[in-house]
Number of protein chains: 2
Amino acid sequence: MQVNDVVAYIQAGRDRFVADLKEWLTIPSISADPAYAGDVRRSAGWLADYLRAQGFPTVEVWETPGLPAVYAEWPAEDPDAPAVVVYGHHDVQPVEPLDEWDTDPFEPVETGDRLIGRGASDDKGQIFFHTLGLRAGLAASGRPAPPVTIKLLVEGEEESGSVHFAELLRDHRERLACDAVVISDTTMWDADVPSMCTGMRGLTEVEVTLRGPSRDLHSGSFGGAVPNPLHAMAELLAALHDADGRVTLPGFYDDVVPLRDEERELFARLPFDEDAWLRTAGDSRVAHGEKGYTTLERIWARPTAEINGMWGGHTGPGGKTIVPGQAHAKISFRLVAGQDPRKVQMAFEAWVAEHVPPGIEAEIPVAGGGVRPCFSPIDSAGVAAARRAMERAFGTQVLFTREGGSGPEADLADILEAPLVFVAVGLNGDRIHAPNEKVEIPLLLKGAEAAAYLWEELATALR
Amino acid sequence: MQVNDVVAYIQAGRDRFVADLKEWLTIPSISADPAYAGDVRRSAGWLADYLRAQGFPTVEVWETPGLPAVYAEWPAEDPDAPAVVVYGHHDVQPVEPLDEWDTDPFEPVETGDRLIGRGASDDKGQIFFHTLGLRAGLAASGRPAPPVTIKLLVEGEEESGSVHFAELLRDHRERLACDAVVISDTTMWDADVPSMCTGMRGLTEVEVTLRGPSRDLHSGSFGGAVPNPLHAMAELLAALHDADGRVTLPGFYDDVVPLRDEERELFARLPFDEDAWLRTAGDSRVAHGEKGYTTLERIWARPTAEINGMWGGHTGPGGKTIVPGQAHAKISFRLVAGQDPRKVQMAFEAWVAEHVPPGIEAEIPVAGGGVRPCFSPIDSAGVAAARRAMERAFGTQVLFTREGGSGPEADLADILEAPLVFVAVGLNGDRIHAPNEKVEIPLLLKGAEAAAYLWEELATALR
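- Under an unreviewed UniProt entry, the name given to chain A is Dipeptidase, and the source organism is Actinomadura soli.

This is the structure:
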């Protein structure tokens, strides 16, 4: 295969590619709003037809108790070749506030190199580059099938919490058997700093109620002589971190896969402007967190405990001199590779039980299951292969990032028991989930080029 | 003066006394509800007429920008005799919830030794015993005027915050010049444990807002890397007390008049059932507070810091994984003799400024002036004299209490520059501010007896 052939094929297909994507973007597949359920189904149908037209031998719409996913399979010629699931989603975010859009969110507009419309980057555009890349790779190789079996799975409920996704994966576990999962739903560091994500943090959320007196007491008659649950809450939550900003739950860090020096060095090569980042962080004045780690390491690769809400007693205008009966707090833990949400919940429960002062009763409602972290080491076979494909497309060193947030990706890794490889060309500036979402068309084409090289790189690496 | 004469006079006057009090109690002088403003005025007029009929040479209704007070003066024969202001109030609490009353709150009912109706104890009954006591004392002495000049001041806005009371005192400062102020608006320990209050705690209320990011941040993208104002609030408020339950504001205890051993010993003689008290404290399970002090000492004679309310971030149902932009808290300090509300506010402001972590901005709105504490030493001339009068009436040792709450009494002491003497016969079980308020008629008559002896005791003590 000649690089130039791939590039030439993609350049030749550009206009058709953009025109087709624009057609798909006109379908308002908003999964969070039941009024658009028909449009999400229409989007699935449109994609299925398109994938058939692109040559996928097998294309199916997979129903769920909610909205449908699309599954397309293109088997490798060699029955012993590795199989790779490619994950994306065809549903989109709501568009409110509509009056902040410069154009109709579902009438996509090309302005120079940009394509503006809901879903252009998240995630229709990023699924689309795979189809162009796959065809470019086939054309350049002159073969009828890719060097790995490709199993494209395009979810329809990602923007409404992926509520049926784990069940879908379990139901189709055998069909989806694979050696790696390529995720195309994240971002690169910057247009001229291509990068790959290697993991997402997990999450577990807990709530705690501290009860003191059975009713609010007059602080003149009782203040200073009975336990005040707000004092107890302040003391409890203040004790959740030590002076070095580390979480004090016993065993919290025990299972954490430590950051390796090489990954820290690669993080450090990212052109990170901390002052600019602090401005995006609601004009926060200083960086703050676990001692011994940089800001990027803290948000990507270190677990945290964050108080999300805290309340109790008199919170309205004016004064009310009471000893309140109750105090409440909501706390979430972001977890990293190696940590288990359920284990952290149990550690929190045990820690609260041990730290609550006499006369205060703690109640911790049963928490949800949380989200598991996911992570692929930078030197794992899949990541290294995808990095080579990206570097061939971009012609420069590809760096690494991680995601501080949490998503259904961990389910893919856990249920399909396969390593994750994040290949994406979205940008943080694409305004996903916001008005005027856009995608850079040249980056989609670079993504197509990387996808063209990806399958042969993975075929070698995973064999 | 013969004790028997006083007792006989009071016994003879009992029925008339109760009948007159019942008449006054029919007037719904609820000062907090503007709909009853006319009734508060009618109550003032009724009292003025009554006091004239009782023989007071001077009776005036004193207007305020709100509701009127009644002033009555009975000069001593001797122009050099001391003058004593007697304070009470003729307005009453609202009566809601009305359906919890067994009888109409403004149709007073006698049941055995009890008189039931709004204001029976708080505070119409307690003003009333002074008139009977004064006439009994005059009758027994056979003289036309009391041994001290009596200046009865009956406020009409106590139950609605005494908003114009300090101004009224300042306006009439010369008329109200006195050597002591007798307060008849508190309670005794129990019907068979007569006691006198010697002070009330002061109060200052503060609010603090801690600001971090200018908006709520996604905890996946920013959590663990910027300061969280809820963490800062928990740490700040946890640091407000030390391990011994002492308030950590620098200088907080510097001006406190310490409890004297004698007063502690007298407190300790009160038959205090801590378990029963904890049940009244909303079934609190343990006593808790400043190390080295008993529960009664803590609520009566030690200053405290109490978090009355705390809030920030997501406080609704479900989870919201944010780093919130703000955290808020309301804190009140109860103050004891020697402490100045303004000084405590300033100490709090300075302490917050010093303790707020980098990247968090503290905002403390200007607080109100607070309420000053008031206190009369148990061996001060006025207290000792009143104690003798009480002991003569009750025939047993009179013990001491204090009030943990705060009231306008400090204004009387500060503006009139005179010591306070608390003489009252209400009980904690009188259900003041609640449905079915009642007073024990025998205690009102004991109050009248104590009042009959009070003036000669004070005449000697204050001369």
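Read on for the rest.
1. Some points on the overall build of chain A
Inference 1: Counting its regular elements, chain A contains 13 helices and 20 strands.
Inference 2: What you see for chain A is a C-alpha radius of gyration of 25 Å, in line with the 23 Å of a compact globule of 463 residues.
Inference 3: Taken along its principal axes, the extent of the C-alpha atoms in chain A is 85 × 45 × 45 Å.
Inference 4: Looking at chain A as a whole, 60% of its 463 residues are labelled buried.
Inference 5: Of all intrachain contacts in chain A linking residues separated by at least 6 positions in sequence, the fraction that spans at least 24 positions is 80%.
Inference 6: Of the roughly 17,300 Å² of accessible surface on chain A, 49% is carried by carbon and sulfur atoms.
Inference 7: Of the side chains in chain A, 41 bear a positive and 72 a negative charge, and the two mean positions are spaced by 2 Å.

2. A closer look at the relation of the copies chain B and chain A
Inference 1: Between chain B and chain A, the superposition needs a rotation of 180° and an axial shift of 0.0 Å, giving an RMSD of 0.1 Å. What we have between these two chains is a two-fold relation.
Inference 2: A symmetric contact is evident, with 100% of the interface residues of chain B recurring at the interface of chain A.

3. Quick notes on the side chain of A:Ser376
Inference 1: Checked against the element boundaries, A:Ser376 lands in the loop between β16 (374-375) and α11 (381-394).
Inference 2: Polar side-chain contacts of A:Ser376 include one of 2.4 Å to the backbone oxygen of A:Leu420.

4. As for helix α11 (residues 381-394) of chain B
Spacing of three or four residues puts side chains on the same side of an α-helix, whose turn is 3.6 residues.
All names here are of chain B.
Inference 1: With 14 residues, α11 extends 20 Å from end C-alpha to end C-alpha; this agrees with the ideal 20 Å at 1.5 Å per step.
Inference 2: Where α11 is concerned, the buried positions are Gly 382, Val 383, Ala 385, Ala 386, Arg 387, Ala 389, Met 390, Ala 393 and Phe 394.
Inference 3: On its buried face, α11 sits against β8 (187-188), β9 (195-200), α7 (261-269), β17 (399-403), β18 (420-422) and α13 (441-462).
Inference 4: Once α11 ends, the next one or two residues include Gly 395, with phi positive near 65°.

5. Quick look at the sheet that holds strand β15 (residues 361-363) of chain A
Inference 1: An order of β15(A)-β10(A)-β14(A)-β12(A)-β12(B)-β14(B)-β10(B)-β15(B) is seen for the eight strands of this open sheet, with the pairing classed as antiparallel. At either end of the open sheet lies a strand with only one pairing partner, and these are β15 of chain A together with β15 (361-363) of chain B. The mean angle between the axes of side-by-side strands here comes to 25°, regardless of whether they run parallel or antiparallel.
Inference 2: Bridge count for strand β12 (residues 304-313) of chain B against strand β14 (residues 326-335) of chain B is seven bridges, and the pairing is antiparallel. Pairing of B:Thr304 across the sheet is with B:Arg334, part of β14(B).

6. Quick word on the domain arrangement of chain A
Residue and element names in this part refer to chain A.
Inference 1: Entries for chain A in the domain assignment read domain 1 (3-200 + 373-462) and domain 2 (202-256 + 303-363).
Inference 2: Taking the mean C-alpha position of each, domain 1 and domain 2 sit 41 Å from one another.
Inference 3: Summed over both partners, the interface of domain 1 with domain 2 buries about 490 Å², with 62% contributed by carbon and sulfur atoms.
Inference 4: The three residues of domain 1 that bury the most area against domain 2 are Pro 373, Phe 375 and Ser 406, which together make up 77% of that side's buried surface.
Inference 5: Inspection of the domain 1/domain 2 interface yields zero salt bridges.
Inference 6: Inspection of the domain 1/domain 2 interface yields two residue pairs in polar contact (both at pLDDT 80 or more).
Inference 7: Grouping the constituent residues of the side of domain 1 that touches domain 2 by class yields three nonpolar, three polar and no charged.

7. Things to note about the UniProt feature "domain: Peptidase M20 dimerisation" (unreviewed entry) in chain A
Inference 1: UniProt marks residues 199-358 of chain A with the feature "domain: Peptidase M20 dimerisation" (unreviewed entry), using the numbering shown here.
Inference 2: With 32% helix and 22% strand, residues 199-358 of chain A has its two end C-alpha atoms placed 42 Å apart.

8. Here's the deal with the interface of chain B and chain A
Inference 1: Facing 74 residues of chain B, the contacting portion of chain A comprises 74 residues.
Inference 2: It is B:Arg285, B:Glu306 and B:Met310 in chain B that bury the most area against chain A; as a group they hold 12% of the surface buried on that side.
Inference 3: Taken together, the connections running from chain B to chain A amount to two salt bridges.
Inference 4: When the shortest N-O distance is used, the salt bridge between B:Arg285 and A:Glu361 registers 3.1 Å.
Inference 5: Where chain B touches chain A, the interface holds 37 residue pairs in polar contact (both at pLDDT 80 or more).
Inference 6: Ranked by residue count, the leading element in the side of chain B that touches chain A is β12(B), at ten residues.
Inference 7: Residue classes in the side of chain B that touches chain A are distributed as 28 nonpolar, 32 polar and 14 charged.

9. Examining the side chain of A:Ser195
All names here are of chain A.
Inference 1: The residue Ser 195 is located in strand β9 (residues 195-200) in this model.
Inference 2: Side-chain polar atoms of Ser 195 contact the backbone nitrogen of Trp 189, separated by 2.8 Å.
Inference 3: Setting aside its immediate chain neighbours within four residues, Ser 195 contacts Thr 187, Met 188, Trp 189, Met 390, Val 398, Leu 399, Phe 400, Thr 401 and Ala 424.

10. Looking at the environment of B:Arg342
Residue and element names in this part refer to chain B.
Inference 1: Among the secondary structure elements, Arg 342 is positioned in helix α10 (residues 341-355).
Inference 2: The exposure class assigned to Arg 342 is partly exposed, which follows from its relative accessible area of 37%.
Inference 3: Along the primary structure Arg 342 and Gly 370 are separated by 28 residues, whereas in three dimensions their C-alpha atoms are 7.3 Å apart.

11. Overview of the packing of aromatic side chains
Residue and element names in this part refer to chain A.
Inference 1: All told, the structure shown has 36 aromatic pairs over all chains when counted by the stated rule.
Inference 2: Aromatic pair Tyr 50 and Phe 128: ring centres 4.5 Å apart, planes at 20°, arrangement stacked. Residue Tyr 50 is located in helix α2 (residues 37-53), and its partner Phe 128 is located in helix α3 (residues 124-141); the two are separated by 78 residues in the primary sequence.
Inference 3: Judged by its relative accessible area of 8%, Tyr 50 is buried.
Inference 4: On the basis of relative accessible area, Phe 128 is assigned to the buried category, the value being 0%.

What counts as what
- Residues numbered from 1 in each chain as written.
- Chains lettered and ligands numbered in written order.
- Predicted model: local features only at pLDDT ≥ 70, side-chain atom pairs only at ≥ 80, totals over all residues.
- Heavy atoms only, no water.
- Helix = DSSP H or I, 4+ residues; strand = E, 2+ residues; numbered from the N terminus.
- Rg over C-alpha atoms; globule rule 2.2 N^0.38 Å.
- Buried < 20%, exposed > 50% of the residue type's maximum accessible area, 1.4 Å probe, protein only.
- Contact = heavy atoms within 4.5 Å.
- Areas by Shrake-Rupley, 256 points an atom, 1.4 Å probe, with all protein chains shown as cover.
- Lys, Arg positive; Asp, Glu negative; His and termini not counted.
- Charge placed at Lys NZ, Arg CZ, Asp CG, Glu CD.
- Least-squares fit on C-alpha atoms with pLDDT ≥ 70 in both.
- Polar contact = N/O pair within 3.5 Å; in protein donor to acceptor, adjacent residues only side chain to side chain.
- Expected span 1.5 Å × (residues − 1).
- Pairing = 2+ DSSP bridges.
- Axes fitted to C-alpha atoms, helices over the stretch in contact; angles between N-to-C directions.
- Domains from an automatic or database assignment.
- Buried area = accessible area lost by both parts, 1.4 Å probe.
- Salt bridge = Lys/Arg side-chain N within 4 Å of Asp/Glu carboxyl O.
- Nonpolar A, V, L, I, M, F, W, Y, C, P; charged D, E, K, R; others polar.
- UniProt positions renumbered as here; feature names shortened; annotations may be inferred.
- Phe/Tyr/Trp six-rings, centres within 6.5 Å; stacked < 30°, edge-to-face > 60°.

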